[in-house]
Amino acid sequence: MSETKEISNPSWERQEGESSKAYAAFCIYRDYGVDRSIAKVVQMYGENGTSKAQLFRWSSKYSWVQRCNGFDTFTEQQRRKEITAYRQKMSERHAQNARAIQEKALYALKNVDPSTLSNSELLKYLESGMKIEKEAIGYLPVPEETPVLIKERAKENKMADDLLAQVDMFLSKFGKPSQSEELHDRNDSD
């Protein structure tokens, strides 16, 4: 079944040959959502004299489960479209508000006499301006080393120092080969 046909004649609408009573029972079943069950329809619709067995026959004959799957998929798609449209409008509104706030702040900032600011206030303006500029060009700062990384690096440096000390001790104990021994060893290998 094509998508266009599904939308123009959705399976959750009244089916050919489906009585108004059967369709009304289906609508009750459909509208229960994820908690739907024939038992719940019996509680609500059974007062009209329709038996549980009749509801099961209608459910089977008119494919209530499959129709509800189609209905659930369609309503979820509609919900996602609405949320996406809402998010888009919200983003546009927030961007407009942000521009208005920026304009007011820049106007007020232009009218500030720098000589009336304390050194700490001037420093805050400078730091804020630098931060905003970096963010505007997509600058990503190098993360500061955490104390854990500093400790790990110190541990690695100590291990390297210990290893070098052991190598030095080994070489001093057994002595470095003389240049003539190295030359002799090289000649033997040729």
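Anyway, here's the lowdown on the structure attached to this text. Note that the structure is a prediction, hence the values are computed from the model and not measured. (Residues numbered from 1 in each chain as written. Predicted model: local features only at pLDDT ≥ 70, side-chain atom pairs only at ≥ 80, totals over all residues. Heavy atoms only, no water.)

## Here we look at the overall build of the protein chain
Phase 1: Of the regular secondary structure elements, the protein chain holds eight helices and zero strands.
Phase 2: Counting from the amino terminus, helix and strand elements in the protein chain follow one another as α-α-α-α-α-α-α-α.
Phase 3: By the burial criterion, 14% of the 190 residues in the protein chain qualify as buried.
Phase 4: Contacts in the protein chain between residues far apart in sequence, at least 24 positions, make up 48% of those at least 6 positions apart.
Phase 5: For the protein chain, the computed accessible surface area is about 15,900 Å², with 56% contributed by carbon and sulfur atoms. (Helix = DSSP H or I, 4+ residues; strand = E, 2+ residues; numbered from the N terminus. Buried < 20%, exposed > 50% of the residue type's maximum accessible area, 1.4 Å probe, protein only. Contact = heavy atoms within 4.5 Å. Areas by Shrake-Rupley, 256 points an atom, 1.4 Å probe, with all protein chains shown as cover.)

## Considering helix H3 (residues 38-45)
Because an α-helix packs 3.6 residues into every turn, residues spaced three or four apart end up facing the same way.
Phase 1: Listed in full, the buried residues belonging to H3 are Ile38, Val41 and Tyr45. Along the axis of H3, the buried positions cluster into a sector of 55°, meaning they face one direction only. (Arc of directions from axis to C-beta.)

## Considerations on the pattern of salt bridges
Phase 1: As enumerated under the stated definition, the model contains six salt bridges in all.
Phase 2: Among the salt bridges present, the one from Arg36 reaches Asp72, with a minimum N-O distance of 2.8 Å. Remark: Asp72 occurs in helix H5 (residues 64-110) and Arg36 occurs in the loop between helix H2 (20-31) and H3; sequence separation between them is 36 residues.
Phase 3: The exposure class of Arg36 is buried, given its relative accessible area of 15%.
Phase 4: Residue Lys131 pairs with Glu135 through a salt bridge whose shortest N-O separation is 3.9 Å. Of the two residues, Lys131 and Glu135 are both situated in helix H6 (residues 119-136); the distance of four residues between them amounts to about one turn of the helix.
Phase 5: Accessibility expressed as a relative area gives 52% for Lys131, which makes it exposed.
Phase 6: Sharing partners across several salt bridges, the network here consists of Glu76, Arg79 and Arg80. (Salt bridge = Lys/Arg side-chain N within 4 Å of Asp/Glu carboxyl O.)

## Notes on helix H4 (residues 52-61)
Phase 1: Within H4, burial applies to Leu55, Trp58 and Ser59. Taken down its axis, H4 places every buried residue within 100° of arc, on the same side. In H4, those exposed residues whose orientation departs by more than 90 degrees from the buried face are Ser60 and Lys61.
Phase 2: Ser63 lies just past H4 and shows a positive phi near 50°.

## Concerning the packing of H2 against H5
How two helices sit against one another is set out by the angle between their axes and by the gap between those axes.
Phase 1: Where H2 meets H5, the closest approach of the two axes is 10 Å, and the angle between their N-to-C directions is 55°. It follows that H2 is oblique to H5 by the angle criterion. Of the two possible hands of crossing, H2 and H5 adopt the one that is right-handed. For the pair H2 and H5, contact is made by Ala22, Tyr23, Ala25, Phe26, Tyr29 and Arg30 and by Trp64, Val65, Arg67, Cys68 and Phe71, respectively.
Phase 2: A class-by-class count of the residues in the contact of H2 with H5 yields nine nonpolar, no polar and two charged. (Axes fitted to C-alpha atoms, helices over the stretch in contact; angles between N-to-C directions. Parallel < 35°, antiparallel > 145°, perpendicular 65-115°, else oblique. Left-handed = near helix turned anticlockwise from the far one by under 90°. Nonpolar A, V, L, I, M, F, W, Y, C, P; charged D, E, K, R; others polar.)

## Examining the side chain of Glu18
Phase 1: Structurally, Glu18 is set in the loop between helix H1 (3-8) and H2.
Phase 2: At 2.8 Å, the side chain of Glu18 and the backbone nitrogen of Gln15 are in polar contact.
Phase 3: With sequence-adjacent residues up to four places away left out, Glu18 is seen in contact with Glu13, Tyr23, Phe26, Tyr62, Trp64 and Arg67. (Polar contact = N/O pair within 3.5 Å; in protein donor to acceptor, adjacent residues only side chain to side chain.)

## A short note on the packing of aromatic side chains
Phase 1: Under the defined criterion, the tally for this structure stands at five aromatic pairs.
Phase 2: On the numbers, 6.0 Å between centres and 55° between planes, the contact of Phe26 with Trp64 is tilted. Remark: Trp64 occurs in helix H5 and Phe26 occurs in helix H2; sequence separation between them is 38 residues.
Phase 3: The class of Phe26 is buried, set by a relative accessible area of 0%.
Phase 4: Residue classification places Trp64 among the buried residues on the basis of a relative accessible area of 0%. (Phe/Tyr/Trp six-rings, centres within 6.5 Å; stacked < 30°, edge-to-face > 60°.)

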